[in-house]
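# Structure assessment
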Amino acid sequence: MNTHTAPATPADTVVPAARLVEAGLRRTSRAIRDTVRPPAGDLLAHAARARRLAELHTRRARWWAILQRDTATNGVPVVYVQAVVTAVLDNERQARYWTDTADDWRALADQRPTSDVAGAMSNWTDLGLTDPTPPGLPDTSAVAR
């Protein structure tokens, strides 16, 4: 009796895309959860944290995109493909939000005007700036000067 087993073939070692994506999403979600909020007064640390969160949401969008390609080519019901597309778009939106937030934290640290989407972080009043001109009207904003 021969107890020797044949070496694994590539087909034996293929991991389904869903398992790879699940592991990647789990690692990325854990990294997002473990991204510690810096002290209130450390503007550059807040900018660095926001950049890190943007990177992690971009990574998570990529994992979802892998699952999107896999589900779209394997006869999965359309409702599941749509859910995955929604997850990709949501994480891309989150990545843009954190990128904008990082830029605003950096602008605060550099005492430059924050973006017009900064909301509560806006430092325009502190810098003596006026609001941007509404779309379609001539630009008279202090930011454009």
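Reading guide: rules and limits
Residues numbered from 1 in each chain as written. Predicted model: local features only at pLDDT ≥ 70, side-chain atom pairs only at ≥ 80, totals over all residues. Heavy atoms only, no water. Axes fitted to C-alpha atoms, helices over the stretch in contact; angles between N-to-C directions. Helix = DSSP H or I, 4+ residues; strand = E, 2+ residues; numbered from the N terminus. Parallel < 35°, antiparallel > 145°, perpendicular 65-115°, else oblique. Left-handed = near helix turned anticlockwise from the far one by under 90°. Contact = heavy atoms within 4.5 Å. Nonpolar A, V, L, I, M, F, W, Y, C, P; charged D, E, K, R; others polar. pLDDT = per-residue confidence, 0-100. Core = buried A, V, L, I, M, F, W, Y, C linked by side-chain atoms within 4.5 Å. Buried < 20%, exposed > 50% of the residue type's maximum accessible area, 1.4 Å probe, protein only.

For the rest of this paragraph, the subject is the packing of helix H1 (residues 17–33) against helix H2 (residues 43–73). Two elements in contact, H1 and H2, have axes separated by 9 Å at closest approach and are oriented at 165°. It follows that H1 is roughly antiparallel to H2 by the angle criterion. Between H1 and H2 lies a crossing of left-handed hand. Together, Ala17, Ala18, Leu20, Val21, Gly24, Leu25, Arg27, Thr28, Ser29, Ala31 and Ile32 of H1 and Arg52, Leu53, Leu56, His57, Arg59, Arg60, Trp63, Trp64, Ile66, Leu67 and Asp70 of H2 make up the contact between the two elements. Residues of the contact of H1 with H2, tallied by class, amount to 13 nonpolar, four polar and five charged.

So, on to the confidence of the model for the protein chain. Across the protein chain, the average pLDDT comes to 82, with 71% of residues at 70 or higher. The element-level mean pLDDT for the protein chain is lowest in helix H3 (residues 78–110), coming to 93, with H1 highest at 96. For residues 133–138, every residue scores under 50 in pLDDT, and the model assigns this stretch four contacts once sequence neighbours within four places are set aside. Low confidence marks residues 140–145, where pLDDT is under 50. Its contacts with residues over four positions away, or in another chain, come to 13 contacts.

As a further point, take the nonpolar core. Among the nonpolar cores identified, the biggest contains ten residues, and these are Ile32, Ala47, Ala50, Leu53, Ala54, Leu56, Trp98, Ala102, Trp105 and Leu108. Those elements that provide at least two residues to this core are H2 and H3. In terms of residue count, H2 provides more of this core than any other element does, five residues in total. Those residues in contact with Trp98, other than ones at most four positions away along the chain, are Arg49, Ala50, Leu53, Ala54 and His57. One finds Val21, Trp63, Leu67 and Val84 within the second-largest nonpolar core, a separate group that totals five residues.

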